[in-house]
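# Architecture at a glance
Single-letter residue listing:
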Amino acid sequence: MLSRKSKHLVLKIVSMFSVVRGYNIPIIALAQYLSAIFILAPEKRALDVLLDFNLFIIVIASSLTIASGYIINNFYDSKKDLINRPNKSKLDRLVSQKTKLQVYFTVNFIVFLLAFFVSFRAVLFFSTYIFLIWFYSHKLKKMSVIGNLTASFLAVLPFFAILLYYKNLYPQIFAHATFLFLLLLIREMIKDLENIKGDIANDYRTIPVMYGDNFSKKIITLLTLLTVIPIYYLIEIFEVGYMDIYFYVSMIVLIFFLQKLWKSNSKPDYLLLHNILKFLVVSGVFCIVLINPEVLIHGKRLLRL
């Protein structure tokens, strides 16, 4: 049996895990590695990518930066989350605001040190990334349109860290990034519909608060239709191997998403839409391997040597 002090410590660890959304970070790290192997550096051996120390540091620094971003976002959103996510908020509040800030600054300092192992350019990139996350959480998040665009951009930014490292500017990279950016932007707008009560109470000037639900749905519909453009390029123009299956399925899912969107008028409905988009994003990460499944087989052979 754990002592009372040990139980309290375990609860605090669980609380901090909830604050940094620890379940998301491994997915992002996996996405960075798969993007490096299959999209950003396809000419390199999979094993060479996996054993690249500088890439490992970039992935770790990205993960820590994202974790610190969740902390500062939680810090500023504590009042809003009491309304929108009361159960999660109770768990998150087991760690004091002071402790959250201490962990936030410590993590960012570690990121700063890790970036020095790679290059001064990496230091500049992560310093800018950390600042933008703070500025978004502190100021931009409350603004309509700008807040949504910034949040989506910040979510895609870790992949640009890998892009800068490999210095590859293949056109298909931007098609992949555009599709992901649109999905994340739609998801941010769905979150605004889902969290409208807390946004109104805390003076967040989101699109649903300023212009109403119907206007938001029209914008979301337009953005969803725009996903057809990068999907067309990825399927018809660029070579994505068997990953075209994922994009065909995505179009079917997005048609269902739009049908459900216009029938939705409650938080559970918007939560379902949110989870559909999360499913598309996460499944897209794992489907990157479909670009060239033989790489996995080749990689296994290399590891046996």
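The present account deals with the structure reproduced in this document. (Residues numbered from 1 in each chain as written. Predicted model: local features only at pLDDT ≥ 70, side-chain atom pairs only at ≥ 80, totals over all residues. Heavy atoms only, no water.)

### Some points on the overall build of the protein
Along the protein, the regular secondary structure elements total 17 helices and 0 strands. In terms of overall size, the protein behaves like a compact globule, its C-alpha atoms giving a radius of gyration of 20 Å where 305 residues would be expected to give roughly 19 Å. Dimensions along the principal axes, computed over C-alpha positions, put the protein at roughly 55 × 50 × 40 Å. With 305 residues in all, the protein has 50% of them scored as buried. Within the protein, contacts between residues separated by at least 24 positions form 77% of all contacts whose residues are at least 6 apart in sequence. (Helix = DSSP H or I, 4+ residues; strand = E, 2+ residues; numbered from the N terminus. Rg over C-alpha atoms; globule rule 2.2 N^0.38 Å. Buried < 20%, exposed > 50% of the residue type's maximum accessible area, 1.4 Å probe, protein only. Contact = heavy atoms within 4.5 Å.)

### Topic: empty space enclosed by the protein
Applying the stated criterion across every chain yields a total of 2 cavities of 30 Å³ or more. Considering only enclosed or pocket space, the second largest cavity measures out at about 30 Å³ in volume. In terms of lining, the second largest cavity is formed by Asn108, Val111, Phe112, Ala115, Val123, Phe126, Ser127 and Ile130. Contributions of two or more residues to the lining of the second largest cavity are made by α7 (97-118) and α8 (120-138). (1 Å grid on protein atoms, 1.4 Å probe; cavity = no way out; pocket = protein on both sides within 12 Å on 5 of 7 lines; lining within 4 Å. Points joined across faces, edges and corners; volume = space filled by probe spheres on them.)

### What to know about the packing of aromatic side chains
Enumeration over the complete set of coordinates arrives at 15 aromatic pairs. Ring geometry for Phe179 against Tyr246: centres 6.3 Å apart, planes inclined by 85 degrees, an arrangement best described as edge-to-face. A residue pair is termed long-range when its members are at least 10 positions apart, and Phe179 in helix α10 (residues 171-194) and Tyr246 in helix α15 (residues 244-261) qualify at 67 residues. The exposure class of Phe179 is buried, given its relative accessible area of 5%. (Phe/Tyr/Trp six-rings, centres within 6.5 Å; stacked < 30°, edge-to-face > 60°.)

### Quick look at the layout of surface pockets
In this structure, the second largest pocket spans a volume of roughly 220 Å³. Around the second largest pocket sit 12 residues that line it, and Arg21, Tyr23, Arg85, His274 and Lys278 are the ones nearest its centre. Of all the elements in the fold, those that place two or more residues in the lining of the second largest pocket are α10 and α16 (267-287). Element by element, the count of residues in the lining of the second largest pocket is highest for α16, at 4 residues.

### Regarding the pattern of salt bridges
Under the criterion given, the structure shown has 3 salt bridges. Among the salt bridges present, the one from Asp48 reaches Arg45, with a minimum N-O distance of 2.9 Å. Between Lys260 and Asp269 there is a salt bridge; the shortest N-O distance is 3.8 Å. Look at Lys260 and you get partly exposed, because its relative accessible area is 23%. (Salt bridge = Lys/Arg side-chain N within 4 Å of Asp/Glu carboxyl O.)

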